[in-house]
Amino acid sequence: MQRIQTSAILNDLDKKMVFLVGPRQVGKTWLARDIAKHFTHSLYLNFDQVKNRSIIRERAWLENVELLILDELHKMPDWKNYLQSVYDTKPKHMRILVTSSAQLDVHGQLGDSLAERYSRHRLLPLSLAELNQAGEAVDLDRLLVRGGFPEPYFEDVAIDAERWRIQYKNSLLSTDIFEFEKIHNIKAIQLIFDLLRHRVGSPISYQSLAEEVGISPTTVKTYIQILEALYIIFRVTPYAKNIARSLIKEPKIYFFDTGMVTGDEACKLENLTAVSLLKHVYARTDYHAEDCHLHYLRTKEGKAVDFTIITNQIVETLIEVKLSDAKPANGLHYFHQKYNFPAVQIVKSLQQEYRSHHIKILKAEDFLSQLFIIEEQP
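Calculation rules
Residues numbered from 1 in each chain as written. Predicted model: local features only at pLDDT ≥ 70, side-chain atom pairs only at ≥ 80, totals over all residues. Heavy atoms only, no water. Helix = DSSP H or I, 4+ residues; strand = E, 2+ residues; numbered from the N terminus. Rg over C-alpha atoms; globule rule 2.2 N^0.38 Å. Buried < 20%, exposed > 50% of the residue type's maximum accessible area, 1.4 Å probe, protein only. Contact = heavy atoms within 4.5 Å. Lys, Arg positive; Asp, Glu negative; His and termini not counted. Charge placed at Lys NZ, Arg CZ, Asp CG, Glu CD. Axes fitted to C-alpha atoms, helices over the stretch in contact; angles between N-to-C directions. Parallel < 35°, antiparallel > 145°, perpendicular 65-115°, else oblique. Left-handed = near helix turned anticlockwise from the far one by under 90°. Nonpolar A, V, L, I, M, F, W, Y, C, P; charged D, E, K, R; others polar. Pairing = 2+ DSSP bridges. Core = buried A, V, L, I, M, F, W, Y, C linked by side-chain atoms within 4.5 Å. Salt bridge = Lys/Arg side-chain N within 4 Å of Asp/Glu carboxyl O.

Caption draft 1: Region of the structure containing the overall build of the protein. When its secondary structure is counted, the protein shows 15 helices and twelve strands. Rg of the C-alpha trace for the protein: 22 Å, near the compact-globule value of 21 Å for 378 residues, within the 12% margin. Structurally, the protein occupies a C-alpha span of about 65 × 50 × 45 Å along its principal axes. Looking at the protein residue by residue over its 378 residues, the buried ones come to 53%. Taking as baseline every contact in the protein between residues at least 6 positions apart, the subset at least 24 positions apart corresponds to 65%. With 47 positive and 48 negative side-chain charges, the protein shows a spacing of 3 Å between the two charge centroids.

Laid out in structure tokens, this is it:
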């Protein structure tokens, strides 16, 4: 299927170089090659491939190349200065697209000089909204089981989708992590990975994880940051501004691949909602320059709301996720009543609408199908 961000990337390529980042096997290479079809002469070079490395280092491409695609360039020593030099000396007709399965600024800011030369596009797994916009069938149950990575989602046979996930997980834990960072305790980071799969949607204590695994809280935090930098997991942190009651500070952890979640259908629905909301927030940030963030609310007394979208440091919407309970959750009701925040509860199996104190109760499929929208670029 055609990815929705294609036209926006083509538009930005005429202005700056483009960084296309996101989880491994989310479709970045496919999208890059699809974009290459818009150019007469394009060249794809992957730094992981030995035969491509010398071409990259020596800049041994032909002058007529109109689109230069550089994949996994962050693995090259001093890649930032290299890329800045390539961009500053390229022919006027050349466009540059850099793809990566790692956050390119993970070890610090890219620097003002390079930051001025690129536009970032974050490609995330398929969501109900993207499927809807692309004219594909919208299937919430399929996404909950298979996740939004294109290969397993579109696989005809369910067992083949599961085989893909097993290979994907093994590759992440045996290759990708260790290519990205030196890990001294392999078993520890693998155990943390598995523990996080069971704790999706719950506040994470670095101290508790450290005690279970037998390492320091600092090391736990470092390992989680590595998993985050490789687009395997993402953190949703609590929001506290203008909230009178004391809030807990621990983040919640979600997986970009909902199929990785070990838990019941409620956990998977919350994870899928988190990915869908993050994708929506990223789109508003990357394409509309909005100051938009995803957080959650939870007091020490246990009053909680699964998610809140914050725009310009103001609570825009509270979102609670339920499988079948249409009655507004206590935490959602509390924050809506006390602070008059707009609130919505999404329910997977909504048999009958229930309205209370102006809290919206919506079918999860309908709500999620409307989130991710990228307008045509001028």
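That covers the picture; the talk isn't over yet.
Caption draft 2: Inspection of unusual backbone geometry at higher detail. Within the chain, Glu72 stands out as a residue other than glycine whose phi angle is a positive 55°. Positionally, Glu72 belongs in the loop between strand S3 (67-71) and helix H4 (79-89).

Caption draft 3: Expanded view of the packing of helix H9 (residues 158-180) against helix H10 (residues 186-197). It is the contact of H9 with H10, at a shortest axis distance of 11 Å, that shows an interaxial angle of 135°. Looking at the two axes, H9 sits oblique to H10. Viewed along their axes, H9 and H10 form a crossing whose handedness is right-handed. Across the interface between the two elements, Lys169, Leu173, Ile177 and Phe178 from H9 touch Ile186, Ile189, Gln190, Phe193, Asp194 and Arg197 from H10. Of the residues contributing to the contact of H9 with H10, the split by class is six nonpolar, one polar and three charged.

Caption draft 4: A look at the sheet that holds strand S7 (residues 252-255). Taken in spatial order, the seven strands of this open sheet run S7-S6-S8-S9-S10-S11-S12, and their pairing is mixed. For this open sheet the edge positions go to S7 and strand S12 (360-363), each flanked by a neighbour on one side alone. Sheet twist, expressed as the average angle between the axes of neighbouring strands with direction ignored, equals 35°. Sheet analysis places strand S10 (residues 314-322) next to strand S11 (residues 343-347), joined by five bridges and oriented parallel. Note on S11: the bridge partner recorded for Leu318 is Ala343.

Caption draft 5: Representation of the pairing of strand S2 (residues 42-46). When S2 meets S3, the two strands line up parallel, connected through five bridges. Opposite Leu45, over in S3, you have Leu70 as the bridge partner.

Caption draft 6: Layout of the nonpolar core. If you look at the biggest cluster of nonpolar residues, it comprises 86 residues, and the most contacted ones within it are Leu97, Ile177, Leu196, Ile224 and Ile232. A per-element tally of this core places helix H13 (residues 265-288) first, with eight residues. Every residue in contact with Leu97, bar those within four places of it in the chain, is listed here: Ile9, Leu13, Val18, Leu20, Ala32, Leu67, Leu68, Ile69 and Leu70. Within the second largest apolar cluster, 21 residues are counted, among which are Phe19, Trp61, Met94 and Ile96.

Caption draft 7: Representation of the sheet that holds S2. Strand order in the open sheet formed by five strands is S2-S3-S4-S1-S5, with parallel pairing between adjacent strands. Each edge of the open sheet carries a strand with a single partner, namely S2 and strand S5 (118-122). Here the strands of the sheet are splayed against their neighbours by 20° on average, with no regard to which way each runs. As paired strands, S3 and strand S4 (residues 95-100) are joined by five bridges and run parallel to one another. Within S4, the residue paired with Ile69 across the bridge is Leu97. The strands that helix H2 (residues 28-36) touches are strand S1 (17-21), S2, S3 and S4; relative to S3, the one it contacts most, it runs at about 170°.

Caption draft 8: A look at the pattern of salt bridges. A complete count under the given rule lists 20 salt bridges for this structure. Its salt-bridge partner being Arg120, residue Asp286 comes within 3.7 Å of it at the nearest N-O pair. Taken as a pair, Asp286 in helix H13 and Arg120 in strand S5 lie far apart in primary sequence, 166 residues in all. Ionic pairing is found between Lys348 and Glu265, a salt bridge with its closest N-O pair at 3.3 Å. Of the two residues, Lys348 is situated in the loop between S11 and S12 and Glu265 in helix H13; the sequence distance between them amounts to 83 residues. Residues joined by salt bridges that share partners form a network here, namely Arg3, Glu130 and Lys279.

Caption draft 9: Highlighting the side chain of Asp306. Mapped onto the fold, Asp306 is located in strand S9 (residues 304-311). Here Asp306 is buried and forms no salt bridge, its nearest opposite-charge partner Lys252 lying at an N-O distance of 4.2 Å. When residues no more than four places from it in sequence are discounted, the contact partners of Asp306 are Lys252, Glu270, His295, Tyr296, Ile319, Glu320 and Val321.

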